[in-house]
Amino acid sequence: MNLTAKEKISYGIGAVGKDMVYMLTASYILYFYEDILGVSAVFTGILLLAARVFDAANDPVMGILVARTKSRFGRFRPWLFSGTIVNALVLYAMFAVPEELEGNPLLVYISAAYILWGVTYTMMDIPYWSMIPAFARDSREREGLSTLGRTCAGIGSALVTVITMQAVYLLGKGNERIGFKWFALIVAVFFAFTAVLMCLCIKEKSTVDMPVNSIGDMFRALIRNDQAMTVVISIVLINCSIYLTSNLVIYFFKYDFGGEGWQNAYTLFNTFGGGVQILSMMLLYPLIRKFLSTVQVFRTGLGMAVLGYAVLLILACTNMSNVFLLFLPGFFIFGANGLLTILTTVFLANSVDYGEWKNGSRDESVIFSMQTFVVKLASGVAALLASVCLAVFQISDNTEAEAVAAVQSVMGLRLTMTVLPVIGLAAAALFFGKKFRLTDEKMEEIGEALRKGAK
């Protein structure tokens, strides 16, 4: 049975809603807690890091639970449905903080809500990606479905990045706390709708016996694969750098770029950046891949990002007020992000073949589950670094405007969101260059060996 158009569309729509929720939390929870609720930046950073590490460590556990599930509705749909509904409710509660809460009760509330959000998101995210083998039998269908899911997830992320601050301003009529509450409700309802639609339209066409390994077995399988470990560590360094900037860019527009209509400039910049990132993945990567090897494209992406950060710092120090000038560094940074996102996935896939060639074990589920793990870990580390920057340089809506605008505060923000990412990217380039061996030529050699072994 081939996948119907209805099944494909419903699966893609599910990814849009799922990643709208993730991006809303990943990009704006630090700003909401620290700048709107007035929670200490250091406390917020520690909370976000601790919760993300716990959530990342929870992924293998969730994978084991899904693998052991048996029901008349299938293995995956019960988790998709229940996880989505609960996560949607928690998302709204996370942004609908009662106004009478303050002090320790407020800290307890936001801590519980954020940790619970991470746990419930994992409940539906793991089965969403794990169900593909049971949804599509043919390998080409599976590859196409994976591509569709990733593309639609990117669209969901881009939508939230583009519309959030404008929607918050309009819904709250200038009151950001109220605006975030109503916007979170809208996103939560849409998220629930997409998941229900997906569960109704799709069917698990085949019964897949998923391997159920212990957590220790999963990590041992990863450690034996030195190239997978190289890619994982590189992803952590790259994502920490990129997420640090994405956490701080809203503060740059609000307190440095400034102006009464800073939300408009922020939205315009994100719209341009999101478009560049998508086009980079869809058009730029296939184009330059015709002329360069994967390792060369990877180095090109890192170089583009460093160049973008250098230009951004120079422009920021000129006290310019034209947002269109920021499109130049934005082009390099967002374009590089698109290239590096694809390449890290490609390198992880190559490391699966490498592991089979070296160890005789093909561990797709272990290696690709680590991608989710390291993305969450990197987002937590980046949030902690961003919150330390906000605390050290006293950048907060609760701080007097004169203090926020002080030279040392503004310059500290600029340096943190540009120089620190460059250091992280340079470390990734050095580590990757020293440890990574899966060139295009090496992969051809491994592929030929595996084909001979299969005969």
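Residues numbered from 1 in each chain as written. Predicted model: local features only at pLDDT ≥ 70, side-chain atom pairs only at ≥ 80, totals over all residues. Heavy atoms only, no water.

Student: Let's hear about the overall build of the protein chain: which residues, and what values?
Tutor: For the protein chain, the count of helices and strands is 16 helices and 0 strands. Each of the 455 residues in the protein chain was classed as buried or not, and the buried ones make up 52%. The contacts of the protein chain with a sequence gap of at least 6 include a subset with a gap of at least 24, amounting to 82%. Per element, the accessible surface of the protein chain, about 20100 Å² overall, is 66% carbon and sulfur. (Helix = DSSP H or I, 4+ residues; strand = E, 2+ residues; numbered from the N terminus. Buried < 20%, exposed > 50% of the residue type's maximum accessible area, 1.4 Å probe, protein only. Contact = heavy atoms within 4.5 Å. Areas by Shrake-Rupley, 256 points an atom, 1.4 Å probe, with all protein chains shown as cover.)

Student: Before we move on, can you summarise the pattern of salt bridges with the specific residues and values?
Tutor: The full count for this structure, using the stated rule, is 9 salt bridges. When the shortest N-O distance is used, the salt bridge between K18 and D125 registers 2.9 Å. With K18 in helix α1 (residues 5-36) and D125 in helix α4 (residues 103-130), this residue pair connects regions lying 107 residues apart in the sequence. Of the two residues examined, K18 and D125, each falls in the buried class. Each of K18, D19 and D125 takes part in a single network of salt bridges with overlapping partners. (Salt bridge = Lys/Arg side-chain N within 4 Å of Asp/Glu carboxyl O.)

Student: Just give me the short version of unusual backbone geometry, but keep the residues and values in it.
Tutor: We note that K173 has phi near 50°; this positive angle belongs to a residue other than glycine. Within the fold, K173 resides in the loop between α6 (139-171) and α7 (176-201).

Student: Explain the environment of V381 residue by residue, including any values.
Tutor: The residue V381 is located in helix α13 (residues 364-392) in this model. Here the alpha-carbon distance between V381 and L48, two residues 333 residues apart in the chain, equals 8.2 Å. Apart from the residues lying within four places of it in its own chain, the contact partners of V381 are L49 and C240.

Student: Can you lay out the confidence of the model for the protein chain for me, pointing to particular residues and giving the numbers?
Tutor: Residue-level pLDDT values for the protein chain average 83, and 84% of them are 70 or greater. By mean pLDDT, helix α14 (residues 401-404) is the weakest element of the protein chain at 50, and helix α11 (residues 294-316) is the strongest at 93. (pLDDT = per-residue confidence, 0-100.)

Student: I'd love a proper account of the packing of helix α9 (residues 226-257) against α11, names of residues and values included.
Tutor: Running from amino to carboxyl end, α9 crosses α11 at an angle of 25°, the nearest separation of the two axes being 13 Å. Our classification of the angle between α9 and α11 gives roughly parallel. Where α9 crosses over α11, the handedness of that crossing is left-handed. Touching I238, S241, I242, T245 and F252 of α9 are F298, L302, Y309 and A316, all from α11. Tallied by class, residues from the contact of α9 with α11 come to 7 nonpolar, 2 polar and no charged. (Axes fitted to C-alpha atoms, helices over the stretch in contact; angles between N-to-C directions. Parallel < 35°, antiparallel > 145°, perpendicular 65-115°, else oblique. Left-handed = near helix turned anticlockwise from the far one by under 90°. Nonpolar A, V, L, I, M, F, W, Y, C, P; charged D, E, K, R; others polar.)

Student: Give me the nonpolar core: which residues, what numbers.
Tutor: What tends to happen in soluble globular proteins is that the nonpolar side chains get buried as a cluster. Counting residues in hydrophobic clusters, the biggest one holds 126 residues, and the most contacted among them are L24, F180, Y251 and F253. If one sorts the elements of this core by residue count, α9 sits on top with 16 residues. Leaving out residues up to four positions away in the same chain, Y251 has contacts with L30, Y31, E34, D35, D256, L390, I395 and L413. (Core = buried A, V, L, I, M, F, W, Y, C linked by side-chain atoms within 4.5 Å.)

Student: Outline the side chain of D19, supporting the account with residue identities and numerical values.
Tutor: Inspection of the secondary structure assignment puts D19 in helix α1. Aside from chain neighbours lying at most four places away, what touches D19 is Y121, A153, G156 and S157.

Student: Break down helix α10 (residues 262-289) for me, citing the residues and quoting the values.
Tutor: With 28 residues, α10 should cover 40 Å at 1.5 Å per step; its first-to-last C-alpha distance of 38 Å lies within 8% of that length. Maximal helix bending in α10 amounts to about 50°, located at S280. (Expected span 1.5 Å × (residues − 1). Bend = angle between axes of the 7 residues up to and from the residue.)

Student: Lay out the packing of α10 against helix α12 (residues 327-359) in plain terms, naming residues and giving numbers.
Tutor: Packing of α10 against α12 leaves a shortest axis separation of 7 Å and a crossing angle of 50°. Judged by the inter-axis angle, α10 sits oblique to α12. Taken as a pair, α10 and α12 cross one another with a handedness that is right-handed. Here the residues of the contact of α10 with α12 sort into 15 nonpolar, 10 polar and no charged.

Student: Tell me about the packing of aromatic side chains, and name the residues and values.
Tutor: A full pass over the atoms with the stated rule returns 28 aromatic pairs. Between F32 and F95 the ring centres are 5.0 Å apart and the planes differ by 55°, which places this aromatic pair in the tilted class. Remark: F95 occurs in helix α3 (residues 77-95) and F32 occurs in helix α1; sequence separation between them is 63 residues. Both residues of the pair, F32 and F95, count as buried. Measuring from centroid to centroid gives 5.7 Å for F95 and F180, while their planes differ by 10°, and the two rings are stacked. Pair noted here: F95 is in helix α3 and F180 is in helix α7, with a separation of 85 residues, a long-range link. Positioned above the aromatic ring of Y128 is the side chain of K18, whose terminal nitrogen or guanidinium carbon lies 5.3 Å from the ring centre. (Phe/Tyr/Trp six-rings, centres within 6.5 Å; stacked < 30°, edge-to-face > 60°. Lys NZ or Arg CZ within 6 Å of the ring centre and 35° of its normal.)

Student: Which residues make up the environment of R299, and what values go with them?
Tutor: The residue R299 is located in helix α11 in this model. Under the relative-accessibility criterion, R299 is labelled exposed at 52%. For R299 and A336, which are 37 residues apart along the polypeptide, the C-alpha to C-alpha distance reads 9.8 Å.

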